Structure formats: structure tokens, C-alpha cells
Protein chains: 2
Amino acid sequence: MQRVTIADVARRAGVSTATVSRALSGGRKVSADVADRVREAAQELGYAVNPIARALRVSRTDTVGMVVPSIRNPFFTALVESVEHALGADGKELLLCDAQSDPVTEARRLDALVTRNVDGIIVSPCHGTDSTPAVQRTAERLPLVQLDRFVGGTSTDWVGVDDIAAMRAVVEHVREGGARSAAYLGARLTNSSSELRHAGFLRHAEELDLETGPQWTLLGDYSVEWGERAVGLLADSGRLPEALVCADDLIALGAVRACRTRGITVPDRMQVTGFDNIEFTRLAEPPLTTVDQPTRRIADEAVRLLADAAGDGPAARDAAHVALVPKLVVRDSTRTG
Amino acid sequence: MQRVTIADVARRAGVSTATVSRALSGGRKVSADVADRVREAAQELGYAVNPIARALRVSRTDTVGMVVPSIRNPFFTALVESVEHALGADGKELLLCDAQSDPVTEARRLDALVTRNVDGIIVSPCHGTDSTPAVQRTAERLPLVQLDRFVGGTSTDWVGVDDIAAMRAVVEHVREGGARSAAYLGARLTNSSSELRHAGFLRHAEELDLETGPQWTLLGDYSVEWGERAVGLLADSGRLPEALVCADDLIALGAVRACRTRGITVPDRMQVTGFDNIEFTRLAEPPLTTVDQPTRRIADEAVRLLADAAGDGPAARDAAHVALVPKLVVRDSTRTG
DNA sequence: CGCGGAGAGGTAAACGATTGCAGCGGGTAA
DNA sequence: TTACCCGCTGCAATCGTTTACCTCTCCGCG
């Protein structure tokens, strides 16, 4: 499979393999003419270094692993794309895994990545507590940074957005739009961002005197279907609030759709907000007001942290928590002024 | 990083490394008690085989590479997920690359995958001719199967849908819905599926006496923006057709949206169809009639072909072209009866 | 009693790169 | 002239497995 080896190049250039290696990867000085000869020979033979052999020797693969809860969720897709982009600059490759929203497969993926000697791992854990052991164990062996969500009981690098601040912006906005009450359509509080967004909503709703209530707090999962169903539950249960604050865009898309089919006008009778700013929020009817996640920034920070951590051993530094402040994107699913 | 090696296990179990290897990977018979001792020792030490060393030795990585034009396109995301799923069954890993719709990066990605000794490559080439050299070169060195699209001038395995048949179903459907004329909103004919869908549309439109015309054939790229813009062009240019047949769902979503904003009612004044059946077609207003791509089947076939090809050398077999017949999914953006 | 064959285990050579160490000129200082 | 240093090279070890080949033992059979 790997046709031409360093020995072939060495033979052709009339030098030793050591010299070839040094000439090509520039480990140490090589005289100019020898270097030229080597480069030429390599060129002619079409030599390319075998990354497997190199990896075995130097135990570095120039590959980072990434594990996301679900590749179907466009938010994570955007994140993946951004990470890929950021890594490209460093000449690193991405090994992508999908945890299928299941801590068990997630753990399996993480282990696989570790034994594959990736240089670092970027993970958005799917569960706030069930994911802890695997993440912990992995972080002890490799540089690891958590993205967007983080698990309890570990101290690793993390980068994401300030969910509380984001929710403040959302609540203020619907309040200004005239809403006096709001329901929260979220996901079960099994991970950090679900918790924080929920907490942020409650806190700021209270502060800003927005009526809420337990019967107006519906927790399911991050999916369009849940958004639709939640609105059904709400409608069946009596009084409707004046706003629906959703924990992510999928839920919000479902909610908007359900409102339409039930003749609840958005935003006049009901304001709806999302979270993440995935591409399709633009296309909803009406286009969705949502919170923009700066995936580019998040990814950049993550690979920076990973690179930093690669210098020191794992867990040699204090963990960094980078929380970016996201911006509200106002569209037509809420009222302005 | 890789703490415990096969030698440690051997020492602990009081046998040679060869025996350990045989006991664990079952290459040859090992007496039961020795096997037990080895397994136990491995267990206690927490031994896991180093895939890098193994790969170097056997030149097989249990990894397949996949290159998609754009990970942002939900259709490819779905494909990736399906491939990942299909590979999981074989205990293989997926190395995912995004070509960013650029043949140059695509070529770079392919080369990177080759030197990384992946066992096979699944690629959906981004360009029908510019992608040829890289795909060709790669296919000569590794099992390779093209997905969805294929490039000209090579003979590799391919699996996708029968675009012509799909278009026949689409055209028949809008015809039955009463449309006497239709525009085609597609992508520039730089790849096979763009070409085939376009050709299929024209052929069957003619057969079924659906009026078309050059001014009603608008070619851009696979994006929502293009769909919106194309409708604008159409509207500005005079007479409107009675149907818009779109080359993919993104274009169709844009088209539907543009119709709405211009007061062109869908499906009464204008029928619109998509292609791919991405998740968000359900959410459009109205929900989109589209062609369902059986991504699961496609992925299964692809990994099967890859596995077959791994047995023989590359290019030892005749290439297989597997075209699945997709189903039309009728929703509310077209008229029925 | 000898021989052949099977079954189990060990020895050591790969796989293809990187790199510590040593050798070897040649230049410089004493 | 000698001693030393410095800059290039080459030798060979090394990373952790797998596997071809060899050895040893045991058993059955003629």
C-alpha cells in the first residue's frame, strides 16, 4: 500500500535514512546540496511520509477527535465545520464521532479515540452526569476540551456561551415586546446548557416580572417533534402564556409550526424565541428570533486550548472556562418596540 | 501515553508476546489455560492494543475516510450519519472531511486520507470534471466508492439514486396536479446529479407535454439563497410557470419562501418540489413535496462495496453501479388529484 | 522402539519512520 | 604539531504489534 519508503529515497539520494528524515522534516541541519538531492529524490519517487510509522515513533498523530451528541442537529454540524476549519490551519485532521445521544456509545467513542492516539479530544458531552466517568477518565490521559456543554465533577477546559446572559437578553426582549407571561419549552435537565438556560430563564423572568409557572415549564428533548407536542400540551391545559421561550431552535421551529396549525398567531398572540441560530431559523414562518452562537469563535478557542494543553501534559494547567457572550438575533417571531 | 504494552502482559502472564497476541486476537490456537491467564493479565493491567502499531504491522487501520462537498448540507449530514452507523457494525471508524465545495481542498483531503492508510474511501465528489484526477488517482491506490454523485472518466463503484427515474416521478406528479408548464431551478451542471436531474426533468417534461423553456431553466448552486434569487429572476422576467421543479430541497425551500413573500400562493398558483427529503422540508410552509433519498440503504450498499473491494486489490473487480429508486414524498407544496 | 505429525509456544524479523550517539573531516587556537 | 571543537552524517535502537519459522513435546502407529 505504502509503496515508496524513506529507505528508497535514501538509496536514490545516496545518503542514509537518517539524513533523509532530517532533510525533509528539518529536524536538524543538513548541508544545502544534500538537502537538495534528497528533496529531488523524494520528488521523483513521489515519496510521502507514512503517518502511521511516524505516529508510532513520536506518539503524535496530528489528529484530534471530536464527539458530538448528534450530528443531525444543525448546531453541532456548524460546530463541527468550524472546528474542522480551525484545525485545518494547524495541519491537523478531525476524527469525528457521533454519540447518538447515548452516554454508553459516547464512552465507547471516547475510548476508541484514546487508543487511537489522537492528540486531543473535543467533546460536547450528551449527559451532565452519566457522561462524567468517561469524560473524566479521558481527560486524565489526553488534552480534552468540552464544548458548549460540560459535565459535573470534572475540571477540564470548556468553551461555550454564557447561557444565563443569553437568557437575560431573550427575556428582556420578549418583555419589551409586551409579553407579561411566558412558558419555557426546554429539554430535560440532563446537561449543563439545559440547566443553565432554564435557570437563566427563571431568574430573569422573576427579576423582570414575567409570569411563569410550573405548568408552563415543559421539558422534553431537543427536537422539532417535542416543540410541536409541547405546544399541544400547553394548549390543552387551559390558559396560554404570551411567549414561548425555547431552549433551542429545533424546539422553537416545532413550536412555531404547532402555533400556526392551531391558529395561534406568531408573534401577535404569541412570541417565540429559539437558541443557536441554525440556518433554518431564517426560513421559518415567521423567521425566528433566536440567540446566535458564535461557532467560529468557539471552535477557535477550543483548538487554541487544545494546542496549549498539548505543550504541558494533561492536567498540568488549571482548567480554563471560556464563556462567550452571544448576541440576540431579532427576527419576526417576536414583537419589537 | 500508551502505558501498558503487549510485553507487560506477556511478562505478567509468563508467556511470550507472540502468545499474548495470539491469545487476544485469536490468530491461532492457544491452550485454554494460557488464554485465560493472558486475558486475566491483560484485564488487570488494563491493556488495550495500540492500533497504530498494529496498523503499521498489518497496514490496515479499520478506518474509512469520507469526503463530502459540504457538511452544512443536511443531506450530506444524513448520509454521514448513515455511513457512520453502517460502519459501526463492522467495528470501523470514520474519518470525515469537508471539501468545502472546492476540488482543490477535496484533492488535498483525498491525499491526506491515502497517506493515512485508511482502508477505503467514500467520496461524494464536488465537481464532475475537476474532481476527476484526484478521484482517479485515489481509486488506483485504495478501494473507493462514490456516493450520490460521480465524476466522469473513471470507473469506480458508485451508489446513489436513479435521478432520472426520480425526476420522472416528480414531473408526472406535478402534471397530475394540473400544471401545464414548469421551470427548473437547479445547480450549474458541474456534477453528475445536477446533470441527470436536469436531463431527467427535460426528458420527461417533453414526454408528458409539460411546457418548459430556456428562460425557465435557472442554474445556480445548492443553497436557499439561490432558490430565493431564482424566483425573483423568474418573477421579473414576465410570465410565470405553474410549477417549480427544484434540484434539491435547499433550493426548494428558498423558492417556497420567495413565493410567499411575493404573494404567489403555493400550491394553488405554483407547485414546488424539492429533492433529498431533508428534515426541514416538513417544516416549510407549506410542507414540501420532495424525493426521499434512502440514505440508510445508500450507506449500507457503500460499505458493503467497500468491504468487498477490500478483499480483492483495488481495481481487481469490475465496478458496480448501484442505483436505488427513490420514492416521491407528497406533501402540501403540490396539488393532488 | 522409531518415526511422523500435530499442537503449542517461543524467537526474532519485519512494518517505516525518528533520534541519541558516535565518527569523521576540517578549521582554529595554543 | 597537537588538541579540541564543531558541523554533518551514518549507525542502530526504538516505538508496539504481528507472524513466519523453529523447537519441543506428546501421541499414535507400524
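The structure under discussion appears in the preceding block.
Positions within a chain are numbered from 1, following the residues in the order the chain's sequence is written. A letter from A marks each chain and a number from 1 marks each ligand, given out in the order of writing. Totals for whole chains, interfaces and linings use all residues, but because this is a predicted model, local features are given only for residues with pLDDT of at least 70 and pairs of side-chain atoms are given and counted only at 80 or more. Note: side-chain values were computed over all heavy atoms of the structure, leaving out hydrogens and water.

Student: Explanation requested: the relation of the copies chain B and chain A in the structure shown.
Tutor: Least squares is used to superpose the copies, and the fit set is the C-alpha atoms of residues whose pLDDT is at least 70 in both copies. For the match of chain B to chain A, the screw axis carries a shift of 0.0 Å, the RMSD comes to 0.1 Å, and the turn is 180°. Taken together, the rotation and translation relating the two chain copies correspond to the operation of a two-fold axis. Proximity to the rotation axis, assessed at the C-alpha, singles out L95 of chain B in chain B; its C-alpha lies 2.5 Å from the axis. Any two residues whose heavy atoms approach within 4.5 Å are treated as being in contact. Of the residues that chain B buries at the interface, 100% are likewise interface residues in chain A, meaning the two copies contact each other through the same surface.

Student: Quick question: what am I supposed to make of empty space enclosed by the protein here?
Tutor: Gaps left between atoms are located by rolling a probe of water-molecule size over the structure's atoms. Lining residues are defined by having an atom within 4 Å of a point belonging to a cavity or pocket. Those points lie on a 1 Å grid over the protein atoms alone, cavities being sets where a 1.4 Å probe fits but cannot get out and pockets being open sets with protein on both sides within 12 Å along at least five of seven lines. Grid points are joined across faces, edges and corners, and a volume is the space filled by probe spheres set on the points. This structure, assessed with the given rule, holds seven cavities of 30 Å³ or more. One number sums up the size of the largest cavity: a volume of about 290 Å³. In terms of lining, the largest cavity is formed by 16 residues, of which the most central are I52 and R116 of chain A together with I52, T63 and R116 of chain B. Any residue that is not Ala, Val, Leu, Ile, Met, Phe, Trp, Tyr, Cys, Pro, Asp, Glu, Lys or Arg is counted as polar, Gly included; the first ten are nonpolar and the last four charged. In terms of residue class, the lining of the largest cavity is built from ten nonpolar, four polar and two charged. Volume-wise, the second largest cavity comes out at about 210 Å³. Every element with two or more residues in the lining of the second largest cavity is listed here: α11 (249-261) of chain A together with α11 (249-261) of chain B. Along the lines of polarity and charge, the residues of the lining of the second largest cavity split into ten nonpolar, no polar and six charged. Helical segments are the DSSP runs of H or I of at least four residues, strand segments are the runs of E of at least two, and each set is numbered from the N terminus.

Student: Please clarify how the protein's contact with DNA strand C should be interpreted in this entry.
Tutor: We call a residue near a molecule or strand whenever a single non-hydrogen atom of that residue lies within 4 Å of it. Of all residues adjacent to DNA strand C, which total 29 residues, the nearest are I6, S21 and R57 of chain A together with T19 and R28 of chain B. Atoms of DNA strand C within 4 Å of the protein: sugar and phosphate make up 55%, bases the balance. Counting of polar contacts relies on pairs of N or O atoms within 3.5 Å, with two restrictions inside protein: one atom must be capable of donating a hydrogen and the other of accepting it, and residues adjacent in sequence are counted only when both atoms are side-chain atoms. In the model, a base nitrogen of DNA strand C is placed 2.8 Å from a nitrogen or oxygen of the R22 of chain B side chain. In the model, a base nitrogen of DNA strand C is placed 3.4 Å from a nitrogen or oxygen of the R57 of chain B side chain. Only α2 (17-25) and α4 (51-58) of chain A together with α2 (17-25) and α4 (51-58) of chain B provide two or more residues apiece to the surface near DNA strand C. Per-element tally for the surface near DNA strand C: the top contributor is α4 of chain A, with five residues. When grouped by side-chain class, the residues that make up the surface near DNA strand C number 13 nonpolar, eight polar and eight charged.

Student: Would you mind showing me how to read the packing of aromatic side chains here?
Tutor: Describing an aromatic ring pair means giving the distance of the ring centres and the angle of the ring planes. Residue and element names in this part refer to chain A. Pairs were defined over the aromatic rings of Phe, Tyr and Trp, the Trp ring being its six-membered one, requiring ring centres within 6.5 Å. Orientation was assigned from the angle between planes: stacked under 30 degrees, edge-to-face over 60, tilted for the rest. Inspection of the entire model under this criterion finds seven aromatic pairs over all chains. Taking 5.2 Å as the distance between ring centres and 50° as the angle between the ring planes, the aromatic pair formed by F75 and F76 counts as tilted. Here F75 and F76 have matching classes, each one buried. Positioned above the aromatic ring of F275 is the side chain of R197, whose terminal nitrogen or guanidinium carbon lies 3.7 Å from the ring centre. Accessibility here uses a 1.4 Å probe with only protein chains present; expressed as a share of the type maximum, an area under 20% marks a residue as buried, one over 50% as exposed, and anything in between as partly exposed. A ring has a charge above it when a Lys NZ or an Arg CZ is no more than 6 Å from the ring centre and no more than 35 degrees off the ring normal.

Student: Any chance you could explain helix α7 (residues 132-141) of chain B here in plain terms?
Tutor: Since the α-helix packs 3.6 residues into each turn, any two residues three or four apart lie on the same face. Residue and element names in this part refer to chain B. Considered for burial, the residues of α7 that qualify are T132, A134, V135, T138 and A139. Down the axis of α7, the buried set is contained in an arc of 165°. They therefore lie on one face. Exposed side of α7, more than 90 degrees from the buried face: P133 and E140 are the residues found there. Each element contacted by the buried residues of α7 is listed here: α6 (103-115), β3 (120-123) and β4 (144-147). Working definition: the arc comes from the directions between the helix axis and the C-beta atoms, pointing outward to the latter.

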